[in-house]
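An overview of the molecular structure
If you want the building blocks of each chain, they are given just below.
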Amino acid sequence: MENTGSIDSLGSKRSSSRQPSVDSLSSTSTSRSDRSAHAAKPTFAMSSDNVSISTDFSPELRGRPKAVAKVLRDSKEEPQLLPKESVQDMAKDVTYICPYIGALRGTLTVTNYRLFFKCMDREPAFVLDLPLGVVSRVEKIGGASSRGDVSYGLVCKDIRNLRFAHKQMEDSLRKSIFEILMKCAFPVSNGLTIFAFEYGQVYPENGWKVYDAQAEYKRQGLPNESWRITKVNDHYELCDTYPSTLVVPVNIPDEELKRVAAFRAKGRIPVLSWIHPESQATVIRCSQPMVGVNGKRSKDDEKYLQTIMDANAQSHKLFIFDARPSVNAAANKMKGGGYESEDAYQNAELVFLDIHNIHVMRESLRKLKEVVYPNIEESHWFSNLESTHWLEHIKLILAGALRIADKVESGKTSVVVHCSDGWDRTAQLTSLAMVMLDGHYRTIRGFQVLLEKEWLSFGHRFQLRIGHGDKNHTDADRSPVFLQFIDCVWQMTRQFPAAFEFNEYFLITILDHLYSCLFGTFMCNSEQQRVKEELPKKTVSLWAYINSQPEEFTNPLYVNYSNHVLFPVVSMRHLELWVGYYIRWNPRMRPQEPVHQRYKELLAKRAELQKRVEELQREVTNRSASSSSERAGSPTRSITPVQTFV
Amino acid sequence: MLSSLGSAGGKSAKPSFVSYVTPEEIKSEKEPSRKEKHPDLLPGEVVFCSASTVLKYTQDDLSQRGVFGVLLCTNFRVSFVSDEAPTEEMVRTLFKNKLYGENDIPLSCVDNIYGDKRKLITGGLVKNKYPSKMIIHCKDLRVFQFSLSFSKEEDAKKIFQGIVHHCLEPKSLRCLFAFSYCENTSYPGSYSYCREHLRKKQTVMFDSVEDWTQDMKRTKGNCRVVSENSNFELSPKLPQYFIVPKNVSDEDLTKYQGKGLPMWCWSHHSGCALFKTASIPLVQEDNVCCRMLTAVAHNHLYSVKTEDLSDTLPTVQDILLSYNRFKQFFLIDNTTEFWMSDMKWFSSLDNCGWLDIIRQCLQKAVEVVESLEKENTNVLIMEEGGSDLCCVVSSLVQLMLDPYYRTLLGFQSLVQKEWVAGGHAFLDRSNHLHLKDKVESQSPVFLLFLECVWQLQQQHGPAFQFSETYLTVLSDSIHVPVFTTFLFNNDGHRDSLLRAESPHTQRSPLNCPTVWDWSVQFDCKAQDLFTNPLYTEKPKQDTSVRKSYRPRHLRQLSLPSSAFKTPPKKGFFKDEADNLKKILGVKRLSRWMLSPSSDSPQTSSSVREFYEAWQTKPLDYHGLLLPCLDGPSIRVWMQRYLRWIHDVQILGGGPVAMLSKVSEILGEVQELQRQLDRHGCTLTSNHKGARPRAKTAAAVIAARSSVRLSSSFPFVTSRNWSFKPAIPTSLLQSLMVTGMAGNLADREDDGGPESLV
C-alpha cells in the first residue's frame, strides 16, 4: 500500500470504509463521492455484471484510493495535514522522475512528517505522499546539468527509490527544498523531534494497553506449580534489555538468577516465552552462554536448564536450538560467547539452525531490491530471485521455527532457543513457533500481543535495526530482521488462508508504520528505554489506530480452529516472493483479482440476507398478530434491492 | 492414490499398512488366496498376466518398506491389488475415479519404466531378465515402485515382460482399450442417442453444420459454412465442417483440397475475425496465398495481419524437451532427493524453460487479442499443419475475449471446436501407440494449452466457471484411452476408425464416450468439485440473446481511443501491405487500414501498453481478460504437479481451506435466500443460477473436517498421514551464503566492524 495514503487518512479520520490494500487495489478511484456512495450502500458486486473495480492512473497511488479520492476532493496542491503537522517548505516546478510513468512536473511539499508531491497535469492528479521516516538516504545525483537542473535521489526503506529534479536556485542563499528535506528526514541526527512525539491524534482505544504481560501469562496458565513470575528485573537491574516481568522456574530463587545472568551474554537469562497448555512443554529464550575459548562452565546455568527440563514431566530431554550456523557459533567463543556443550548439559541436545546474521540478511535484501525495483527483468526471473537468497533465508527461519514447534508439539519436549544476543534470530524463531503452536497469536489482537511480547519487550533493537530518523544509512546495525519475520508470517497466511484473523493489509500496515515514525510502537530499543522516554504517554500506539477499524484488517475467510497447530511446508516449492509488498510499486504487478473483495462482498450479502430474513420474520409475526390482509412481502420490496449500483 | 502417496509408512501410526514380515512368511500365508485377487474389471477388460507377492514401496523414503499384493497387467491398466483388506475409508474415497483407482495405471498413462539402478527400460530389450525393482513414472506424475524379488521367478518375468510389452511397445490403434470397452458397454451418452439432449444443454460438439452456424451467429460472424467435406470428399484431413471467409469460392475449396484455407475461429463484435491456417509451402504459386489473404481481408474493413507461429513460438519438439525437463522435478522417488533439489528449485524452473513457453504462448495470444480488440483487424495465424500452436493461440484468444468460453460447457465446446474438430493430432502428439516413427511427433501441446488456461484462471479466478480441479482432471484424462476425444488425429481419422470398428452395420459407428461425459469417470458429487463456487453467471438479459449483450459488450470491452493515440501499432505481425499492394493495386490500397510496418522489438512494449491500458479499466469478469506476464505472475500449477508428493502437502491448509469456507458461506447465503423465497419475497438476484451447486460442494467438503484436508485435495486423502511436519533435510548443505559474502556471514550481529574469522 501507499503508506502515505494510510497515514493521511489516519489524520483525516475518515469514516468511510477504508479498503485493505488487497481490496483497495481494486477499488474505484473515480471520485470521492462515488466511493462514499458505494460505501454507504451494501455493494454486491458479485451479483453484478459491473464489478466495482477500477484503478487509477497513477501507479504510486494504486491501492490507495482514499489518497486519490482525497486529492480529487480538494484540488489543492498541499497535503491535508495531520494534527501538529506543519509545512516546512514547498517548491513548485519540481520534476518527479517516475520509473513507470516518466517525468512529472508538480509541487513538492515537505512537512515535519512527510514528503508530498503532486502533479496536476494528469487526470486524476498524480500524488506521491510518503512519510519521511521511510527515507533512508537523500543524495544529490551528479552536478547541475546543462539546463541547470539539480537531481536528487531518495533511497527508501520500503523497497523503492525516488528521483526528483528541479532548477538550480537562482538565489543561491536560499536553501533548496532538498536541504530542508535532509534536515527533516533525519530528525535524530539533526537534534529534532521524531514526529511520533508530536502527533496528537486521539483514538478510542489506548493501544499501549493492548499488551499486559501479567494478563498474557495468565492466559497461558501462569504462574503454576512449576513456573513463577519474578520481579527481579523490575528496575531492569538484572538485564536492561529484558522486560520487567519474567517467568522463571519456581525452584530457582532470584539470587541464583543473578548468577545465571552472569553467564549469559548481556545478562539475558533463559526465561519462559510460551508453555504448552497440555504437555507443559515450554519455549524458553535466552542469549548465548559465555563459554569462551576455554570452555567455561556455570553450575548455576546447568542447574537452571536442568530445572527447566524437569518442569516438564513428559520428557527427559531438553532441546537447545542455536539459531546460528555452527561455524559462527564456534567463532563466537573467540569473543567469550559460544554454545552449550553436551557434556556440561546432560540430557540436552544441541541443534544448530543455520540462520545467518543480520549482515547477510541486509545484503540479501539489497540484492532483492535490485531484482524487483523498479522493473522486473522478464527472463530469468526465478534465477534472479534465487541469486538474492532471500527466500532461502526465509526458508531457513521457517524451518527452524518448524523444528521448534514440532519438538514442543509432537515431542512434548521443552526447548531453549538462542542465537548470540537473543534479540534477532531468537525473536524470529520463538515468535514464529508461537504462531504455529497457539491460535491466539493468529488473531488480530493476539498478534499484537505477540509483537509486544517477543519483539518489543524482549528488546529487539528496533531503533538500531531500522535507524529511525538517523541519517547514517550505512550503519551496520541496520537489518531487515523484523521484515523477515513478517514475511514468514505472510508465507504462513498463504499456506493457511483461513487460519489467520488478519489479512495481508494488516501485515503491510505494520511494516509501513515500522518506518513511518508516526506511532511510538517501534521506537527505542528496549522496554527500559520506552519507559524512560515515556513513550506510552507521549506517543500513540499503532494498535490504537489498527484497533479503531479492525474490519479493515480482518480476513473474511478466517475460521477459528482452536488448538490447531500449523505446520507450514518449508519447501521452496511453496515459498513465494511477497509480490504485494516487495513489488507493490510496480503498477503491472497490481493483483488483478482482488479475491478478498469478493469474499467480503459475499459476507456482506450474507449479512444483508440475514437482516432481511429477520425483518421478514418480524413482519410475518406482526401481520399474523394483526391478521392484516396486506400482501406478504411487499413492504420488504422497498428495502434496497440487491443490485444497487451499476 | 491413497497408499501410493501416503508416505505414511514411515511416519504414520498405522503399522498395519506396513509390512514387516519376511517374504517367506508372506508367501506361505498368501498363496492360497492368490487366485481371487484382481480388481473389478471394466467391461471388455481382460487380464493378461499377474504376479503375487509383489512389494509396492511406500514413496516417502529409502526405508524399503511397503505393502505386498498382486500386480496385474490387463488390456487397460497395470493394477496393484494389496493383500491388505481395504480400509473402510478407502472405500469411501470422495474423488474416486470409476475407471481406475489409486493403484491402477492405465497403460497409456505409463510414461517411463525404470529397472535396477534406475536404468531406463525400453521396449524390445527385454529378454529373459527382469529387474528386482521396477519404478513406473506415470504421465499424471504418480510414481510407483515395485519389488519383484519376492515373487516366483516365472511370474515376475511374465509380469515384467507383460507390462513392458503393453506399455512401451508399438501397438495398433485397435488394441487401445476404448475399442473393447465400447463394444462391451451399452454406453448411453453416445452420438445418436442423446443428440437432442446434446443440442440443448451440452457441450457443442462441432460435428454438424448447425453447430458451426450457431457459433458463427452467436459471434455475429459473416462467413461461409462449408459442408462439402461432410463425407471427407475434399480432404480427409480437413474437418468435416468448417467455416471460411465469404469470398472463398467453391473453386478454391476443391482446387487446393483445402491447403492453405483460412479457417474461421471466432468473430469479434466489431466484425473482424480470427482465422487460422496451415501455412503453405513457399514453392506453391503465390497466388493461393494472396487469394486467401484477400478473402480474409474482405471479411472486415480490408485489413489483415498474419502471424506465422512457426517463426515466433517454440516448435513442438522444443515443447516436449522443455516439458520433459520440467516434469522431472515432480517425479520424486524419495524424499532425500526431493529436499536436495529444493535449494535449486527456482533456477531449475528457469532452466527448463517450461514457464517461459507458457508465457510466450500467452503473450502471442495477447498480441492477437490486441489486433482484434484495439485495431479491429482480421488476424490470420498460421503454422505448418495449422493444428498445434494455432489451436493453443486461437483458443486462448477466445478465452480472453469471450466470456462464454469461460463457462464449463463453453470451455468444452471450445476444445471441441479448436482442438477436436480443428484437427489437433491427439493420437500422434500423445503417441499412445508407441510407434517408432511417431516418436518425433510426440508433444504435450494440449497440456501446454491447459497450463496457459490455468495461468489465466489463477489470475482471474471468478471469471471462470470451472475449477482448477477440473483442469487437472482434464489433463489426466488425456491418458485414459477410453474417450474418443483424445484418440484420433482428426475428424476423418475418427470417422473411418469408428465405422470400421463398429460391430453393427456400417450405418451406426461405434459408440464411444467423449471425455465430456464426466459421469463415466466421476459420480455427481465428485463432479461438483469441477465448478468454481466464486463464479457468477452473467445477468440474465445477456445470456438469452446476444443482441442485448452487444452494446454492453462494446462499452465494456472497447478501450478509450485516447489511451491508444500514441504510437501506431508496431508488431511482429508481418505486414501484408507489400503483398497486397501487388494483388490489389493502388486503388484499393487507399482503403486499407494498415499502418506502416515496423520492427519486432517494439512488440512487447506495445503489448505492455495494451496490457497497462486494459489494467487501468474496471475489471469485468465477463469482459476482456488479459494475463499479467511478468516474472512472478507465471507460476507452477501446484495442484497438478505437487499433489502426489507427500512432503509438500500442507495439512489443514492450501486452497481447499479457502474453498471450504467460501462454500460454507455460499451455502448459508443460499439457505437464507430460500427462506426469503419461502416468505414470498422474490429476489431479483443473479446469484440464483450459480448457487445450486454451491450447497452440494459445501456439503462435500464440510463432511470432512477441513482441518484434515490438505493442499492436495481432492486427489489425496490425508487418511494415513501423520501430523508430523516434513522437516527439510540437508538444510544448509550448500552454505551458499558464505561463498557469496563470506565476511558478512562471519561478522557479529552487533554490527561492529570487527569481523571474526
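- An unreviewed UniProt entry lists chain B under the name Myotubularin-related protein 12, with Oncorhynchus kisutch given as the organism.
- According to UniProt, the comment filed for chain B under the heading Sequence similarities (unreviewed entry) is "Belongs to the protein-tyrosine phosphatase family. Non-receptor class myotubularin subfamily."

- Named according to an unreviewed UniProt entry, chain A is Phosphatidylinositol-3,5-bisphosphate 3-phosphatase MTMR2 originating from Oncorhynchus kisutch.
- Per its UniProt entry, chain A bears the Sequence similarities (unreviewed entry) comment "Belongs to the protein-tyrosine phosphatase family. Non-receptor class myotubularin subfamily."

What about the overall build of chain A?
- The secondary structure content of chain A amounts to 23 helices and 14 strands.
- A total of 646 residues make up chain A; the buried ones form 66% of that total.
- In chain A, the proportion of contacts linking residues at least 24 apart, taken out of those at least 6 apart, comes to 72%.

Regarding the sheet that holds strand β11 (residues 282-286) of chain A
Residue and element names in this part refer to chain A.
- Read across the sheet, five strands follow the order β10-β11-β14-β12-β13 without closing on themselves; strand pairing throughout is mixed. Single-partner strands in this sheet number two, and they are β10 (271-275) and β13 (348-352). For this sheet, the mean inter-axis angle between neighbouring strands, taken without regard to orientation, is 25 degrees.
- Across four bridges, the pairing between β11 and strand β14 (residues 414-418) is parallel. In the sheet register, valine 283 faces β14, and the bridge partner there is valine 415.
- Docked against the sheet, helix α8 (residues 299-310) engages β10, β11, β12 (318-322) and β14, running at close to 120 degrees with respect to β12.

Structural notes on the pairing of strand β2 (residues 102-111) of chain A
All names here are of chain A.
- Among the ten residues in β2, seven count as buried, and that is most of the element.
- Pairing analysis gives nine bridges linking strand β1 (residues 87-98) to β2, with the strands arranged antiparallel. Bridge pairing in β2 links valine 87 to threonine 111.
- With antiparallel pairing between neighbouring strands as the criterion, β1 and β2 make up a hairpin whose turn holds three residues.
- As judged from the four bridges shared by β2 and strand β3 (residues 114-119), these two strands associate in the antiparallel manner. In the strand pairing of β3, threonine 107 is matched with lysine 118.
- With antiparallel pairing between neighbouring strands as the criterion, β2 and β3 make up a hairpin whose turn holds two residues.

Re the environment of B:Asn376
All names here are of chain B.
- Structurally, asparagine 376 can be placed in the loop between α15 (354-373) and β14 (378-383).
- Sequence-wise, asparagine 376 and proline 533 are 157 residues apart; in three dimensions their C-alpha atoms are separated by 35 Å.
- Excluding anything up to four places from it in sequence, asparagine 376 contacts His268, Ser270, Cys272, His300, Ser303 and Ser371.

As for the sheet that holds β3(A)
Residues and elements named next belong to chain A.
- Taken in spatial order, the seven strands line up as β4-β3-β2-β1-β7-β6-β5 in an open sheet, and their pairing is antiparallel. With partners counted over all chains shown, the strands left at the sheet margins are β4 (126-131) and β5 (135-141), one partner each. On average, each strand axis in the sheet is tilted by 30 degrees relative to the strand beside it, whichever way the strands run.
- Taken together, the six bridges between β5 and strand β6 (residues 149-156) define a ladder with antiparallel strand orientation. When the bridges of β6 are listed, arginine 137 appears paired with valine 155.

A word on a nonpolar patch on the surface
- Together, A:Leu81, A:Val87 and A:Met90 make up a nonpolar patch on the protein surface, roughly 210 Å² of accessible area in all.
- Its relative accessible area of 32% is what places A:Met90 among the partly exposed residues.

Here's the deal with helix α16 (residues 389-401) of chain B
- In this model, α16(B) (13 residues) spans 18 Å end to end at C-alpha, consistent with the 18 Å of a helix rising 1.5 Å per residue.
- Burial of α16(B) is extensive: 13 of the 13 residues sit out of reach of the surface.

Things to note about the pairing of β11(A)
Residues and elements named next belong to chain A.
- For β11, a buried count of five out of five residues is recorded, marking the element as mostly surrounded by other parts of the structure.
- Side-chain alternation along β11 places Thr282, Ile284 and Cys286 on one buried face and Val283 and Arg285 on a second face that is also buried.
- Hairpin connection from β10 to β11: six residues lie between these consecutive antiparallel strands, with glutamine 280 at a positive phi of about 70 degrees.

What about unusual backbone geometry?
- A:Pro124 follows A:Glu123 through a cis peptide bond whose omega is -5 degrees.
- On the secondary structure map, A:Pro124 appears in the loop between β3 and β4.
- Its identity as a non-glycine residue notwithstanding, B:Asn431 has a phi of 45 degrees, on the positive side.

Thoughts on helix α21 (residues 491-501) of chain B
- Of all the residues in α21(B), the buried ones are B:Asp491, B:Gly492, B:Arg494, B:Leu497, B:Leu498 and B:Glu501.
- Measuring from the backbone nitrogen of B:Gly492 back to the side-chain oxygen at the start of α21(B) gives 3.3 Å, which picks out B:Asn490 as the cap.

Topic: the pattern of salt bridges
- Here the structure, examined in full by the defined rule, presents 57 salt bridges over all chains.
- Here B:Arg218 makes a salt bridge to B:Asp402, at a shortest N to O gap of 2.8 Å. Of the two residues, B:Arg218 is situated in helix α8 (residues 209-218) and B:Asp402 in the loop between α16 and α17 (408-420); the sequence distance between them amounts to 184 residues. Of the two residues, B:Arg218 and B:Asp402, neither departs from the other in class, the shared state being buried.
- For B:Asp388, the salt bridge goes to B:Arg429, with nearest N and O atoms at 2.6 Å. Note that B:Asp388 is positioned in the loop between β14 and α16 and B:Arg429 in helix α18 (residues 426-430), a separation of 41 residues in sequence.
- A residue is classified by how much of its surface remains accessible, and B:Arg429, at 15% relative accessible area, is buried.
- Linked through salt bridges whose partners overlap, the residues forming this network are A:Asp424, A:Arg461, A:Arg465 and A:Asp477.

Observations regarding the state of the cysteines
Residue and element names in this part refer to chain B.
- One pass over the full model with this rule turns up one disulfide over all chains.
- Disulfide pairing places cysteine 182 opposite cysteine 512 at an S-S distance of 2.4 Å. Between cysteine 182 and cysteine 512, the disulfide has an S-S torsion of 125 degrees and is therefore right-handed. With cysteine 182 in helix α6 (residues 177-183) and cysteine 512 in the loop between α21 and α22 (524-527), this pair connects stretches of sequence that are 330 residues apart. Taken individually, cysteine 182 and cysteine 512 each receive the classification buried, so the pair is uniform in this respect.
- Looking at cysteine 390, it has no disulfide partner, and the nearest cysteine sulfur is the one in cysteine 391, 6.8 Å off.
- Judged by relative accessible area, which is 0%, cysteine 390 ranks as buried.
- Here cysteine 452 stays free of any disulfide, with the sulfur of cysteine 361 as its closest cysteine sulfur at 4.8 Å.

Some remarks on the environment of A:Ala433
All names here are of chain A.
- Along the chain, alanine 433 falls in helix α13 (residues 425-437).
- Residue classification places alanine 433 among the buried positions, given a relative accessible area of 0%.
- The spacing of alanine 433 and alanine 399 is 34 residues in sequence and 9.9 Å in space, taken between C-alpha atoms.

Focus: the packing of aromatic side chains
Residue and element names in this part refer to chain B.
- Taken as a whole, this structure holds 76 aromatic pairs over all chains when the rule is applied.
- Both rings, one in phenylalanine 326 and one in tyrosine 641, keep their centres 4.8 Å apart while their planes meet at 80 degrees; by these two values the pair is edge-to-face. One end of the pair, phenylalanine 326, is in helix α12 (residues 316-328); the other, tyrosine 641, is in helix α27 (residues 638-642), with 315 residues separating them in the sequence. Residues phenylalanine 326 and tyrosine 641 agree in their burial class; the two are buried.
- Between phenylalanine 522 and phenylalanine 530, the ring centres sit 5.8 Å apart and the planes meet at 85 degrees, which makes this aromatic pair edge-to-face. Grouping residues by exposure puts phenylalanine 522 and phenylalanine 530 together as buried.
- Over the aromatic face of tyrosine 114 sits the side chain of arginine 118, whose NZ or CZ is 4.9 Å from the ring centroid.
- One cation-aromatic arrangement involves arginine 218 over tyrosine 405; the distance from NZ or CZ to the ring centre is 5.1 Å.

What counts, and where the lines are drawn
- Residues numbered from 1 in each chain as written.
- Chains lettered and ligands numbered in written order.
- Predicted model: local features only at pLDDT ≥ 70, side-chain atom pairs only at ≥ 80, totals over all residues.
- Heavy atoms only, no water.
- UniProt positions renumbered as here; feature names shortened; annotations may be inferred.
- Helix = DSSP H or I, 4+ residues; strand = E, 2+ residues; numbered from the N terminus.
- Buried < 20%, exposed > 50% of the residue type's maximum accessible area, 1.4 Å probe, protein only.
- Contact = heavy atoms within 4.5 Å.
- Pairing = 2+ DSSP bridges.
- Axes fitted to C-alpha atoms, helices over the stretch in contact; angles between N-to-C directions.
- Patch = residues over 30% accessible without salt bridge, like charges linked within 9 Å, V, L, I, M, F, W, Y side chains within 5 Å.
- Areas by Shrake-Rupley, 256 points an atom, 1.4 Å probe, with all protein chains shown as cover.
- Salt bridge = Lys/Arg side-chain N within 4 Å of Asp/Glu carboxyl O.
- Expected span 1.5 Å × (residues − 1).
- Polar contact = N/O pair within 3.5 Å; in protein donor to acceptor, adjacent residues only side chain to side chain.
- Disulfide = S-S within 2.5 Å.
- Phe/Tyr/Trp six-rings, centres within 6.5 Å; stacked < 30°, edge-to-face > 60°.
- Lys NZ or Arg CZ within 6 Å of the ring centre and 35° of its normal.

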